[in-house]
Amino acid sequence: MPISQNPAGNYIYYGVREFGMGAINNGIALHSGFIPFSATFLVFMEYMRNSVRMAALMKQQSIYVFTHDSIGQGEDGPTHQPIEQIANLRGTPNMALWRPADAVETAVAWKAAILNRKGPTALVLSRQNLPAIARESDQLLVISRGGYVLQDCQGTPAAIVIATGSEVGIALEAVKQLQAAGRAVRLVSMPSTSAFDAQPAEYKEQVLPKSVRKRLAVEAGHPDSWYKYVGIDGKVIGMKTFGESAPGPAVLKHFGFTVDNIKATVESLL
């Protein structure tokens, strides 16, 4: 684990030692004076799971940058395509998780990680390029709340689509097409369920009104954690199986992460 030859540097080259990396970062956090961050593929969180859990148990400020976050990485195959890892991290007490949709949400997520002194933060990022999303100034102010209305409709929505990360872009296009066809559909971007859950009830009601029971969540990961938002009348486009080995776009299409499938699923709810 050599430290950079630059004596003014602060980068440790761990090599392929995910558990050791997480454990040493815990020691750095416990020593204080530095905010340690580390990076690896999301699926390799499994190798460092015990040290990640210990950071959460000790409420230490360690930042994990997990990349290659879904079946969208394609050709590396199902061994490298994380399915259950996001749900695992979301279910870990004291762990904050952000899965941003673009550079703007990533910047907000990084700021939240720096300010979070109550435990570790996981930033879950895609490998594939994602489009920049246009936002109004009032939307920029509420990204830090973890979930916010990205594309609204006129009047009370008949259905709400909730999406995260690399799926926000396709969900946005699907919602725009549904609105153009006269459907009152709202899109909510929810980069951090932990941050959203911590918001006042009034704000959560503004974003996800209880009266709107037709809901669809879209995330290329295990779907179970989304049912608390969509309810028994809602649906989830997620992953209940492992992935496949093929080009990323082909894998995403195969499993239904497309504009057309999102539109069809919303229509089935209405």
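Residues numbered from 1 in each chain as written. Predicted model: local features only at pLDDT ≥ 70, side-chain atom pairs only at ≥ 80, totals over all residues. Heavy atoms only, no water.

**Brief notes about the pairing of strand β6 (residues 159-163)**
For β6, the tally of buried residues reaches 5 of 5 residues, placing the bulk of the element in the interior. Residues of β6 alternate between two faces, with A159, V161 and A163 on one and I160 and I162 on the opposite face, all of them buried. Relative to strand β7 (residues 185-189), β6 runs parallel, the two sharing 5 bridges. For I162, the partnering residue across the bridge sits in β7 and is V188. Between the parallel elements β6 and β7, the chain passes through helix α6 (residues 168-180) in a crossover that is right-handed. (Buried < 20%, exposed > 50% of the residue type's maximum accessible area, 1.4 Å probe, protein only. Helix = DSSP H or I, 4+ residues; strand = E, 2+ residues; numbered from the N terminus. Pairing = 2+ DSSP bridges. Right-handed = clockwise from strand over helix to strand, strands pointing away.)

**Things to note about the sheet that holds strand β8 (residues 215-218)**
Remark on secondary structure: sheet strands pair via backbone hydrogen bonds, oriented parallel or antiparallel. If you walk across this open sheet you meet the 5 strands as β5-β7-β6-β8-β9, and the pairing is mixed. Here the strands that pair on one side only, and so sit at the sheet edges, are β5 (148-151) and β9 (235-237). Pairs of neighbouring strands in the sheet enclose a mean axial angle of 30°, with direction left out of account. Two strands pair when backbone bridges link them, and β6 and β8 are joined in this way by 4 bridges, in the parallel orientation. Considered in β8, the bridge of I162 is made with A217. (Axes fitted to C-alpha atoms, helices over the stretch in contact; angles between N-to-C directions.)

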